[in-house]
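Observations on chain architecture
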Number of protein chains: 2
Amino acid sequence: MGEGPGSHADRFLKARSERASALLEDYTELIADLTAEHGEARLVDIARAMGIAHPTAAKAVSRLKREGLATSRPYRGVFLTEAGEAMAEKARIRHQLVLDLLLAIGVPAEAADLDAEGIEHHVSDETLAAFEAFLKRSGG
Amino acid sequence: MGEGPGSHADRFLKARSERASALLEDYTELIADLTAEHGEARLVDIARAMGIAHPTAAKAVSRLKREGLATSRPYRGVFLTEAGEAMAEKARIRHQLVLDLLLAIGVPAEAADLDAEGIEHHVSDETLAAFEAFLKRSGG
DNA sequence: ACAAAAATGTAGCCTTGGCTATATCTACAT
DNA sequence: ATGTAGATATAGCCAAGGCTACATTTTTGT
Ligand SMILES: [Mn+2]
Ligand SMILES: [Mn+2]
Ligand SMILES: [Mn+2]
Ligand SMILES: [Mn+2]
């Protein structure tokens, strides 16, 4: 046998790897939002926005720092590095495009808002390009 | 303040809960497939299809059993319960619909195949209905 | 029938991402 | 200025989902 490429395993491996980076993307996107809004991203605001306890947010920030996406000094806010900003920017654009596509398809706004948060992390560049093309030709 | 409903936290909570059930859905869908194809779902086939080591598959099957979705006896294959079959069926239908929608939008088949595996778990019933409506009026 | 191969089970390890409880530090109000 | 409220840090717990290494059982081929 041997299923070759395009098999079950390929799809599952991709989905798992996306699931692993989903949280980092959401954190960077959120930190960018908070920084734009309030000049800084405080741990307590991150935790509230994510709907988690603050020690969980603290751990996530540790990971962001370890991965070179953010910096922070004790008892001060969290800031994105260049790499973090880049990830946030990509995430923001993709999030918006996915949301726009759902709305264009006819998904009610409430559902589109909710679903986009999860869907975005599994949309490949190729699929994103197809979304853009669809929006362009369908949006006049 | 108080963001009220429709806030960041609501979206993230939903996405996290979907992430938690995604694996169970994929396992039930896969076990149903294997059973349909070979009359039984062997651990080794599950592991290969998922792209994981067999002890990982064994643990997952333990969880499926604990959650009432599957049964198995030592050194024998895995079988779905009624609840497991129901979950598999819903997953199968949703997976197919998501795939069809991506293709209808114009996503290349390769990318659609890969992305659908992750996206499916974040598509709400409401969004799914919108997908169906779109396909009907666009494919008719 | 029996040896070898294949499948399954099990133990033990790791990381991620949740939590609570508690300690410490900063910021704010009086 | 100082006491209190708010924010942050840290320790320690848990479950899920990965892994390798090894033991056991079943299946297969001769
Ligand atoms: Mn998201
Ligand atoms: Mn997002
Ligand atoms: Mn899937
Ligand atoms: Mn699927």
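In short, a report on the structure. (Residues numbered from 1 in each chain as written. Chains lettered and ligands numbered in written order. Predicted model: local features only at pLDDT ≥ 70, side-chain atom pairs only at ≥ 80, totals over all residues. Heavy atoms only, no water.)

Concerning empty space enclosed by the protein
In the structure shown here, the tally under the stated rule is two cavities of 30 Å³ or more. Volume-wise, the largest cavity comes out at about 90 Å³. Mapped by element, the contributors of at least two residues to the lining of the largest cavity are helix H4 (82-105) of chain A together with helix H4 (82-105) of chain B. Its residues assigned to classes, the lining of the largest cavity comprises 11 nonpolar, no polar and no charged. What lines the second largest cavity is His8(A), Arg11(A), Phe12(A), Asp26(B), Glu29(B), Leu30(B), Asp33(B), His95(B) and Glu117(B). Only helix H1 (8-38) of chain A together with helix H1 (8-38) of chain B provide two or more residues apiece to the lining of the second largest cavity. (1 Å grid on protein atoms, 1.4 Å probe; cavity = no way out; pocket = protein on both sides within 12 Å on 5 of 7 lines; lining within 4 Å. Points joined across faces, edges and corners; volume = space filled by probe spheres on them. Helix = DSSP H or I, 4+ residues; strand = E, 2+ residues; numbered from the N terminus. Nonpolar A, V, L, I, M, F, W, Y, C, P; charged D, E, K, R; others polar.)

Description of the relation of the copies chain B and chain A
Rotating chain B by 180 degrees about the axis while translating it 0.0 Å along that axis superimposes it on chain A, leaving an RMSD of 0.0 Å. The superposition operator between the copies reduces to a two-fold rotation axis. Among all residues of chain B, the one whose C-alpha sits closest to the rotation axis is Ile119(B), at a distance of 2.6 Å. Most of the interface of chain B is mirrored in chain A, where 100% of its interface residues are also at the interface. (Least-squares fit on C-alpha atoms with pLDDT ≥ 70 in both. Contact = heavy atoms within 4.5 Å.)

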